[in-house]
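Chain by chain, the residues:
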Amino acid sequence: MGFKELKDKYQLLRDLMDFIPDVIYFKDKQGRFIMVNQAHAKGLGVKPEALVGKTDFDLFSKNRARKMAQDDAHVMNTGKPIIDKVERATRPDGVDNYVSTTKIPRYDDKGRVIGLIGITRDITRRMQFERLRKDKLCVEKKLESLEELSAMKSEFISTVSHELRTPLAVIKGLVTIVFNEVVGQINHKQKEVLQKTLDNTERLKKIIDDLLDISRIERNTLKLHYSLVDIVDLIKDSEGFFIKLAEEKNIRLKYVYPGEPVNVFIDADRVRQVIFNLISNAIKFTMDGGKIKVEVKILESKVRIGVIDTGIGISKADLSSIFNKFTQVSRLPGAENKGVGLGLSISKKLVERHKGEIWVESKAGVGSKFYFTLRRFYTLDMLGKSLRNKVSRLMKSGISMHFVSLMILNCGEFRKRMRISLDSLFKDLHAILVLVLKNAKYSGADKQAMSVINPKAGKFSIILPGASSRQAANISSLLKYKIKQYFSSNKVEDVFITIGSLSYSQKVLSQDDGFSPSRFSIKEIYIGSEMRRFKRLSFKTNIKLFLPDEKVELSESVDVSEGGICLVIKHLLKTDSELKVSFAFPENKESIITAKVRVAWIKKIELLFGESFEKYKVGLEFINLENRCKKIIRRRLLNKS
Ligand code: ADP
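Criteria and cut-off values
Residues numbered from 1 in each chain as written. Predicted model: local features only at pLDDT ≥ 70, side-chain atom pairs only at ≥ 80, totals over all residues. Heavy atoms only, no water. Helix = DSSP H or I, 4+ residues; strand = E, 2+ residues; numbered from the N terminus. Buried < 20%, exposed > 50% of the residue type's maximum accessible area, 1.4 Å probe, protein only. Contact = heavy atoms within 4.5 Å. Areas by Shrake-Rupley, 256 points an atom, 1.4 Å probe, with all protein chains shown as cover. Phe/Tyr/Trp six-rings, centres within 6.5 Å; stacked < 30°, edge-to-face > 60°. Lys NZ or Arg CZ within 6 Å of the ring centre and 35° of its normal. pLDDT = per-residue confidence, 0-100. Patch = residues over 30% accessible without salt bridge, like charges linked within 9 Å, V, L, I, M, F, W, Y side chains within 5 Å. Salt bridge = Lys/Arg side-chain N within 4 Å of Asp/Glu carboxyl O. Axes fitted to C-alpha atoms, helices over the stretch in contact; angles between N-to-C directions. Left-handed = near helix turned anticlockwise from the far one by under 90°. Nonpolar A, V, L, I, M, F, W, Y, C, P; charged D, E, K, R; others polar. Parallel < 35°, antiparallel > 145°, perpendicular 65-115°, else oblique. Expected span 1.5 Å × (residues − 1). Pairing = 2+ DSSP bridges. Core = buried A, V, L, I, M, F, W, Y, C linked by side-chain atoms within 4.5 Å. Polar contact = N/O pair within 3.5 Å; in protein donor to acceptor, adjacent residues only side chain to side chain.

1. So, the overall build of the chain
If you tally the helices and strands in the chain, you get 17 helices and 23 strands. Per-residue burial over the chain gives 42% buried out of 641 residues. By sequence separation, contacts in the chain at least 24 residues apart represent 64% of the contacts at least 6 residues apart. As displayed, the chain offers around 36000 Å² of accessible surface, 54% of which is attributable to carbon and sulfur atoms.

Structure below.
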């Protein structure tokens, strides 16, 4: 090997030693450093040359140096290397760390030991990682056993509650027999006692039912049975009952409904249970002379039910736990008022199963406002009661339901461009429908299409019981084609026709047990001058929210339509309060949209592990959005689709 080659090789090794993050050193037989790399010198805060000739005793504490010398001696005396010995060490800067040390003996050409090579590596991170992994495993195990325990507990509650039901029913039956004097006359005093007994068995029954419900919900065995109902009808059904109950406490109970039906696909019994719970709570926690308002408000694509009372309210500290199991915060005198604190947690779960939101606003001493939302099927709002019942009946018997809905968007505008009246337009559309149904071979005893026409609103709904998904899709696309033809043959140009599917997707349905026997879908055919409603678009931008206290909050992700926006924020806003937002689409920063909005709904977001502040998803509806802004949003929506 020539000198240059040798020099190159030496340089190579030198570079390797100096750039490697590990500590590397050579010691002679007496433990003196012959050569150390940059990492070693740097760790001790000196230059490498300064260490030559020194021993560990010059650098470290006596104890530590002695241990090192022992290892050195072992390696050199026995000729056996020490590989990857993990030790705790204190760095010169005082930080405790873990190191892995390797010591290998060096020999001369006669095979005699002349010293050693040492390599020390900082493995603090690896050890921390290992520790974390172990901790994680431990937590996971604990969690698993907790889950098991919780499942066992739910099962136990379920079994016990079931067992309690039968004897309770027997007690109630027997007491009723005595109360009704079937087995002999009783006096007034005895009757009073029995009445109290009956009231309490009723309370006990309610508690057992609640326990069964919560255990069903937790074990995921609660089945929902959906049907198409008008939520206004559903609430009206119990109006008399609650008004009477409120009157007994001298409370004024007022109902506020929208002027039109609000169709929802829900498990009517379960939603009734939520409404019952909220109104009974309001009555229970409102004092003599107080007021309660039950309001149904139509939002863009949801309906919101609010129960607002002037009762004792809930303190700020208690608000966050109010929907938890077994939570009771406002203590009332009187045993008859005692519940078990399950009503609200059941209500929350039920609303969430319906894909709705539930939230509360309250001030101790002032009153409480409980709200929840349900998804609304605005396209089906025109279905009358008898048709709705028919649909629900058919669905209950397991017949699949498909809806095709024609909507004339911007109806007023559109009418100006038509030479014929809306009435005759809809007559023509109906004739097209009949033709299409015939073409699609959809008819027969069990398959009778039902249609409802509302020319004023520009709506035309067709219900196709028992149609297959394919048939329904065929019918709607054929309809779209024929309608297009119709307009062009009538020389009405620039007609906007598109098909959109609605809300409950098949995927959602399959997860949702109650829906499975009668699958249902809605196809919409929009006709009109331009796209108008319900298209939503998600994007990321900074959205400025001007809060009531003149603070400004920035929110990142937005989901917007012409009706409103939806965002995630840290501030808890008040339902129905009005504020201002401003934002711009990322690719069109100059066109700033500024709008007044109203808080329509709120959903508290469950905190993830490690997150420390509350977050809320809020739906904000635009109030009189400027035409200029409408145009910007509309343009953006059309671009995307
Ligand atoms: P319970 O069946 O025991 O009433 P809920 O889950 O329905 O249980 O309610 C839990 C607690 O929430 C109640 O005990 C009460 O402290 C509080 N609460 C519920 N509704 C109201 C209300 N309208 N006003 C004041 N406090 C309420």
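Still to come is the rest of the account.
2. Considering the packing of aromatic side chains
Enumeration over the complete set of coordinates arrives at 10 aromatic pairs. An angle of 85° between the planes, with centres 5.5 Å apart, marks the rings of Tyr25 and Phe33 as edge-to-face. A single burial state applies to Tyr25 and to Phe33, both of which are buried. A network of ring pairs unites the aromatic residues Phe241, Phe242 and Phe276 as a single cluster. When the ring centre of Phe60 is taken as origin, the NZ or CZ atom of Arg64, which lies over that ring, is 4.8 Å away. Geometry around Phe179 places Lys191 over its ring, the cationic atom sitting 5.0 Å from the centre.

3. Describing the confidence of the model for the chain
Close reading of the predicted structure is inappropriate where its pLDDT is low. Averaged over every residue, the pLDDT of the chain is 84; the share at 70 or more is 88%. Low pLDDT, under 50, characterises residues 503-518; the stretch is placed with 33 contacts to residues that sit more than four places away or in other chains.

4. Concerning helix 11 (residues 343-353)
Counting buried residues along helix 11, 9 of its 11 residues qualify, which places the element largely inside the surrounding structure. Among all positions of helix 11, only Gly343, Leu344, Ser345, Ile346, Ser347, Lys348, Leu350, Val351 and Arg353 are buried. Backbone geometry just downstream of helix 11 places Lys355 in the positive-phi region, at approximately 65°.

5. A closer look at a nonpolar patch on the surface
Among the surface-exposed residues, Val170, Leu174, Ile177, Val178, Val182 and Val183 lie close enough to one another that they form a single nonpolar patch of about 510 Å² accessible area. Structurally, Val182 can be placed in the loop between helix 5 (124-179) and helix 6 (188-218).

6. A short note on the environment of Asp15
By secondary structure assignment, the location of Asp15 is in helix 1 (residues 3-19). Asp15 sits in the partly exposed class, given a relative accessible area of 33%. C-alpha of Asp15 to C-alpha of Gln38: the two residues are 23 residues apart in sequence and 9.9 Å apart in space.

7. Description of the packing of helix 9 (residues 268-284) against helix 11
Running from N to C, helix 9 and helix 11 cross one another at 145°; their axes reach a closest spacing of 9 Å. Seen from above, helix 9 lies across helix 11 with left-handed handedness. Contacts from Arg270, Gln273, Val274, Asn277, Leu278 and Asn281 in helix 9 reach Gly343, Leu344, Ile346, Ser347, Leu350 and Val351 in helix 11. Looking at the contact of helix 9 with helix 11 residue by residue, the class counts come to 6 nonpolar, 5 polar and 1 charged.

8. A short note on the packing of helix 5 against helix 6
The packing of two helices is summarised by the inter-axis angle and the distance between the axes. Taken N-terminus to C-terminus, the directions of helix 5 and helix 6 make an angle of 160°; their axes are 9 Å apart at the nearest point. With respect to helix 6, the axis of helix 5 lies roughly antiparallel. In this structure, the crossing between helix 5 and helix 6 has a hand that is left-handed. Considering only residue class, the contact of helix 5 with helix 6 consists of 13 nonpolar, 9 polar and 8 charged.

9. Overview of helix 9
The terminal C-alpha atoms of helix 9 lie 24 Å apart, and with 17 residues this matches the ideal 24 Å at 1.5 Å per residue to within 8%. Those residues of helix 9 not exposed but buried are Ala268, Arg270, Val271, Val274, Ile275, Asn277, Leu278, Ile279, Asn281, Ala282 and Ile283.

10. Comments concerning the sheet that holds strand 5 (residues 113-122)
What the 5 strands build is an open sheet, ordered 2-1-5-4-3; its pairing is antiparallel. Unpaired on one side and paired on the other, strand 2 (33-36) and strand 3 (82-90) mark the two borders of the sheet. Each strand axis lies, on average, 25° off the axis of its neighbour in the sheet, ignoring direction. Where strand 1 (residues 23-28) meets strand 2, 3 bridges bridge the pair, whose relative direction is antiparallel. Looking at strand 2, one finds that Phe26 is bridged to Met35. This element, helix 4 (residues 62-78), spans strand 1, strand 3, strand 4 (96-107) and strand 5 of the sheet and lies at about 175° to strand 3.

11. Looking at unusual backbone geometry
In this structure, Glu181 takes a positive phi of about 60° despite not being glycine. Tracing the backbone through its elements, the reader meets Glu181 in the loop between helix 5 and helix 6. Residues other than glycine seldom take positive phi values, yet Asn250 does so here, at roughly 60°.

12. A word on the nonpolar core
Core analysis: the largest hydrophobic core is formed by 46 residues, its most contacted members being Ile231, Leu234, Ile235, Phe372 and Leu374. It is helix 9 that contributes the most residues to this core, 8 residues altogether. The residues contacting Ile235, other than those within four sequence positions of it, are Tyr255, Tyr257, Ile275, Val294, Val296 and Ile305. One finds Leu573, Val597, Leu620 and Ile632 within the second-largest nonpolar core, a separate group that totals 36 residues.

13. Describing the environment of Val560
As for its placement among the helices and strands, Val560 is situated in strand 19 (residues 552-560). Taking the C-alpha atoms as reference points, Val560 and Leu637, separated by 77 residues in sequence, lie 9.2 Å from one another.

14. What to know about the pattern of salt bridges
Scanning the model with the defined rule gives 27 salt bridges in all. Residue Asp72 is joined to Lys27 by a salt bridge in which the shortest nitrogen-to-oxygen separation is 2.7 Å. Taken together, the positions of Asp72 in helix 4 and Lys27 in strand 1 put the pair 45 residues apart, joining distant regions of the chain. For Lys27, a relative accessible area of 1% gives the class buried. In this structure, Glu295 engages Lys293 in a salt bridge whose closest nitrogen and oxygen atoms are separated by 3.8 Å. The exposure class assigned to Glu295 is buried, which follows from its relative accessible area of 10%. The class of Lys293 is partly exposed, set by a relative accessible area of 29%. Bridged by salt links that share partners, the residues Lys27, Asp56, Asp72 and Lys103 form one connected network.

15. Overview of the environment of Ser145
For Ser145, the position within the fold is in helix 5. In this structure Ser145 comes out as partly exposed when scored by relative accessible area, which is 42%. A polar contact of 2.9 Å, which involves the side chain of Ser145, links it to the backbone oxygen of Lys142.

16. Regarding the sheet that holds strand 23 (residues 615-623)
Strand order around the closed barrel formed by 6 strands is 18-19-20-23-22-21, with antiparallel pairing between neighbours. Neighbour-to-neighbour, the strand axes of this sheet turn through a mean angle of 45°, independent of strand direction. In terms of strand pairing, strand 21 (residues 578-583) meets strand 22 (residues 593-605) through 6 bridges, oriented antiparallel. Considered in strand 22, the bridge of Glu578 is made with Arg598.

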